[in-house]
Amino acid sequence: MIRERIRQRWEKWLAVRIRPVNSVTLEQKRIFIFLSRTGLGYLVLLTILLAMAINYQNNLIFGLTFWLFSLLLVVIFHTYANFSGLELQAGAASTAFAGDVAKFTLFLRSHSRERVAIQVGWPEQGLQTVWLKPGEERQLELRHPAEERGLYRPPRLRLESHFPLALLRTWSWVQLDWTALVYPKPYWPGDIPPQAGDQEGTAVTAQSWGDDFAGFHQYQPGDSLRRAYWRAYAKGLPLLIMDHAESIEQEIWLDWNALPALGIEPRLSGLCAWVLHCEQEDVLYGLRLPGTEFPPHKGDRHRDACLKALALFNGAVP
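Conventions and cut-offs
Residues numbered from 1 in each chain as written. Predicted model: local features only at pLDDT ≥ 70, side-chain atom pairs only at ≥ 80, totals over all residues. Heavy atoms only, no water. Axes fitted to C-alpha atoms, helices over the stretch in contact; angles between N-to-C directions. Helix = DSSP H or I, 4+ residues; strand = E, 2+ residues; numbered from the N terminus. Parallel < 35°, antiparallel > 145°, perpendicular 65-115°, else oblique. Contact = heavy atoms within 4.5 Å. Nonpolar A, V, L, I, M, F, W, Y, C, P; charged D, E, K, R; others polar. Salt bridge = Lys/Arg side-chain N within 4 Å of Asp/Glu carboxyl O. Left-handed = near helix turned anticlockwise from the far one by under 90°. Phe/Tyr/Trp six-rings, centres within 6.5 Å; stacked < 30°, edge-to-face > 60°. Buried < 20%, exposed > 50% of the residue type's maximum accessible area, 1.4 Å probe, protein only. Pairing = 2+ DSSP bridges. 1 Å grid on protein atoms, 1.4 Å probe; cavity = no way out; pocket = protein on both sides within 12 Å on 5 of 7 lines; lining within 4 Å. Points joined across faces, edges and corners; volume = space filled by probe spheres on them. Core = buried A, V, L, I, M, F, W, Y, C linked by side-chain atoms within 4.5 Å. Patch = residues over 30% accessible without salt bridge, like charges linked within 9 Å, V, L, I, M, F, W, Y side chains within 5 Å. Areas by Shrake-Rupley, 256 points an atom, 1.4 Å probe, with all protein chains shown as cover. pLDDT = per-residue confidence, 0-100.

J.: Can you help me understand the packing of helix α5 (residues 264–281) against helix α6 (residues 300–311) in this one?
T.: Packed helix pairs are specified by the crossing angle of their axes together with the interaxial distance, meaning the distance between the axes. Contact geometry of α5 with α6 gives a least axis separation of 10 Å together with a crossing angle of 175°. Considering their axes alone, α5 and α6 lie roughly antiparallel with respect to each other. For the pair α5 and α6, contact is made by Leu-268, Leu-271, Cys-272, Val-275, Leu-276 and Glu-279 and by Asp-300, Arg-303, Cys-306, Leu-307 and Leu-310, respectively. Grouping the amino acids of the contact of α5 with α6 by side-chain chemistry returns eight nonpolar, no polar and three charged.

J.: Whenever I open this one, the pattern of salt bridges confuses me. Can you help?
T.: When charged atoms on two side chains of opposite charge get close, those side chains can pair. Counted according to the given criterion, the structure contains 13 salt bridges. Ionic pairing is found between Arg-109 and Glu-137, a salt bridge with its closest N-O pair at 2.9 Å. Of the two residues, Arg-109 sits in strand β5 (residues 101–109) while Glu-137 sits in strand β8 (residues 137–145), which places them 28 residues apart along the sequence. Linking Asp-304 and Arg-303 is a salt bridge whose minimum nitrogen-to-oxygen distance equals 3.2 Å.

J.: I tried to follow the packing of helix α2 (residues 37–56) against helix α3 (residues 59–83) on my own but got confused; where do I start?
T.: The N-to-C vectors of α2 and α3 enclose an angle of 155°; their axes lie 8 Å apart at closest approach. As judged from the angle between their axes, α2 and α3 are roughly antiparallel. At the point where α2 passes α3, the crossing takes the left-handed sense. The segment α2 lies against α3, with Tyr-42, Leu-46, Leu-49, Leu-50, Met-52, Ala-53 and Ile-54 engaging Ile-61, Phe-62, Leu-64, Thr-65, Leu-68, Phe-69, Leu-71 and Leu-72. Of the residues contributing to the contact of α2 with α3, the split by class is 14 nonpolar, one polar and no charged.

J.: It is not clear to me how the packing of aromatic side chains should be interpreted in this structure. Could you clarify?
T.: Given two aromatic rings, one states the distance between the centres and the angle between the planes to describe the pair. Counting across every chain of the model gives seven aromatic pairs. Here Phe-104 and Trp-178 contribute two aromatic rings whose centre-to-centre distance is 5.4 Å and whose plane-to-plane angle is 45°, an arrangement assigned as tilted. Here Phe-104, found in strand β5, pairs with Trp-178, found in the loop between β11 (168–174) and β12 (180–183); they are 74 residues apart in sequence, far enough to count as distant. Under the relative-accessibility criterion, Trp-178 is labelled buried at 2%.

J.: Sorry if this is basic, but what is going on with the sheet that holds β12 here?
T.: The strands making up a sheet associate through hydrogen bonds between their backbones, and the pairing can be parallel or antiparallel. An order of β4-β12-β9 is seen for the three strands of this open sheet, with the pairing classed as mixed. Two strands in the sheet have a free side with no partner beyond their single neighbour: β4 (96–97) and β9 (150–152). Where α6 meets the sheet, its contacts fall on β4, β9 and β12, and the angle it forms with β12 comes to roughly 85°.

J.: Help me understand the layout of surface pockets, please; the structure alone is not making it clear to me.
T.: To find leftover empty space, one rolls a probe the size of a water molecule over the atoms. Its boundaries defined by the atoms lining it, the largest pocket holds a volume of some 150 Å³. Taken together, Trp-10, Glu-11, Leu-14, Trp-122, Pro-123, Glu-124, Pro-155, Arg-156 and Trp-173 make up the full set of residues lining the largest pocket. At three residues, helix α1 (residues 2–17) tops the list of elements feeding residues into the lining of the largest pocket. Looking at side-chain class alone, the lining of the largest pocket contains six nonpolar, no polar and three charged residues.

J.: Would you take a moment to explain the sheet that holds strand β1 (residues 23–25) for this structure?
T.: Strand order in this open sheet of four strands is β1-β3-β5-β8, and the pairing throughout is antiparallel. Edge strands, defined here as strands with exactly one partner in the open sheet, are β1 and β8. If you compare each strand with its neighbour and ignore which way they point, the axes differ by 25° on average. Pairing geometry for strand β3 (residues 87–93) and β5, over five bridges, is antiparallel. Its bridge partner lying in β5, Glu-87 is registered against Arg-109.

J.: What exactly am I supposed to notice about the nonpolar core here?
T.: The nonpolar side chains of a soluble globular protein tend to be buried, and buried together. Formed by 29 residues in total, the largest nonpolar core has its most connected members in Leu-88, Leu-106, Val-120, Leu-157, Leu-159 and Trp-178. When residues of this core are traced back to their parent elements, those giving at least two are β3, β5, β6 (115–122), β7 (126–132), β8, β10 (157–161) and β12. If one sorts the elements of this core by residue count, β5 sits on top with four residues. With near-sequence residues (within four places) excluded, Leu-157 lies in contact with Leu-88, Leu-106, Val-120, Gly-121, Trp-122, Leu-142, Ser-172, Trp-173, Val-174, Leu-176 and Trp-178. Core analysis: the next-biggest nonpolar cluster, separate from the first, contains 22 residues, Val-275, Tyr-285, Leu-307 and Phe-313 among them.

J.: Sorry if this is basic, but what is going on with a nonpolar patch on the surface here?
T.: Residues Ile-33, Phe-69, Leu-73 and Ile-76 make up a contiguous nonpolar surface patch of about 320 Å² in total accessible area. The leading source of residues in the nonpolar patch is α3, at three residues. Residue position: Phe-69 is located in helix α3. In this structure Phe-69 comes out as partly exposed when scored by relative accessible area, which is 42%.

J.: How should I be thinking about the confidence of the model for the chain in this particular structure?
T.: Atomic detail in the predicted coordinates should be set aside for any region of low pLDDT. For the chain, per-residue confidence averages 86 on the pLDDT scale, and 89% of positions sit at 70 or higher. With pLDDT under 50 throughout, residues 195–210 is counted as low confidence; its partners more than four residues away or in other chains account for 35 contacts.

J.: Looking at this structure, how should I read unusual backbone geometry?
T.: Here the residue pair Phe-163 and Pro-164 is connected by a cis peptide bond, since its omega of -10° sits within 30 degrees of zero. In this structure, Pro-164 sits in the loop between β10 and β11. One non-glycine residue, Ala-117, lies in the positive phi region at around 50°. Within the secondary structure layout, Ala-117 lies in strand β6. Using a relative accessible area of 23% as the deciding quantity, one classes Ala-117 as partly exposed. Here the phi dihedral of Ala-166 falls at roughly 60°; this positive angle occurs in a residue that is not glycine.

As C-alpha cells, this is what we get:
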C-alpha cells in the first residue's frame, strides 16, 4: 500500500514535470546520474583505501586513492556528455486493434557528438541499444501493447546508459506526443442479419443489364431495341439482341441495433468483425451507430472511416 502511494505520487510529479512534446533535446535538467551497483562497490573500495592510507600513513595508497577518485570525476563528465544534446523526435504512430501491439516511430539525432550504448524504450517491453556517430540520425520502431480502444498515448520513454566503465547509471524520462488510434478487438457475434438496419429487407440494387457481353439471341416481342445488333441486321441477318450479364450488387447495413443483447464494448467488437468481414468479401456495406451513419461503400478509405468511428465511439446511446 505504501509503495503504491509512493509510486502514484511519483507518477504525478513526473506528469507535471515532463509534458508531452513532439521533439526534445536532452539538457541538464532532464539528465539524471547516479552510481550503479558497480559504482557503489567502487566507492566502497575508495573508502577502504582511504582508511588504509590514513591508518598506515602510506603515500602510495594515498596516491592510488586520489587517482581512482579523479577517474570517477572524469567518468561523470563523459557520462553526462554522452546524453547532453541528444535530440529525440516523435514520428508516426500506427493503428492497432485492442490487445495488439501499436508501433511508434522514433527519430534520434546525435548532432556533433558520438553517442555510445544508449538504451531506448519502455522497461517492461525491453530497451533497444543504439550507437550513433557524430551527425548521424537513426530511425527506430518501438512497440507497446494497446489494451483499450480509442486514442492511446504510450507511457514515458526511458533512456539509459552505463557508459563509460559502468560506474554510473545515466537515465532520462521523455514524454513524446504520440497518439495511436486503437480499434475495438474484433469478435464474431454471429452471422450478419439478412435485414440488418433496413425495414424492407436487405437493400439490393440491380440493373437490367451490366457491362459484360454475354452473347446474342434472336429478337422476341418485348426485347428492347436499344440492345439490337443493327450492323448484322443491315447485312440481311435476322434481328439479333445483345445479351449482357446481369449486374446485381448487394448493400449490407451493419446496424448498432442488430445486436441488442450485447453491451457497448461487445457490440463495437462485433461491428468491427462485421466490417472486416464485409471488406474481405468485397461487398457494399454501410454502418449505423447512434448519431452517426456511413452510407454503403467499400474500399480501404471506407473501412478505415468505419473502424475509426467504432474506435472513438463515446458510449452515448439515446
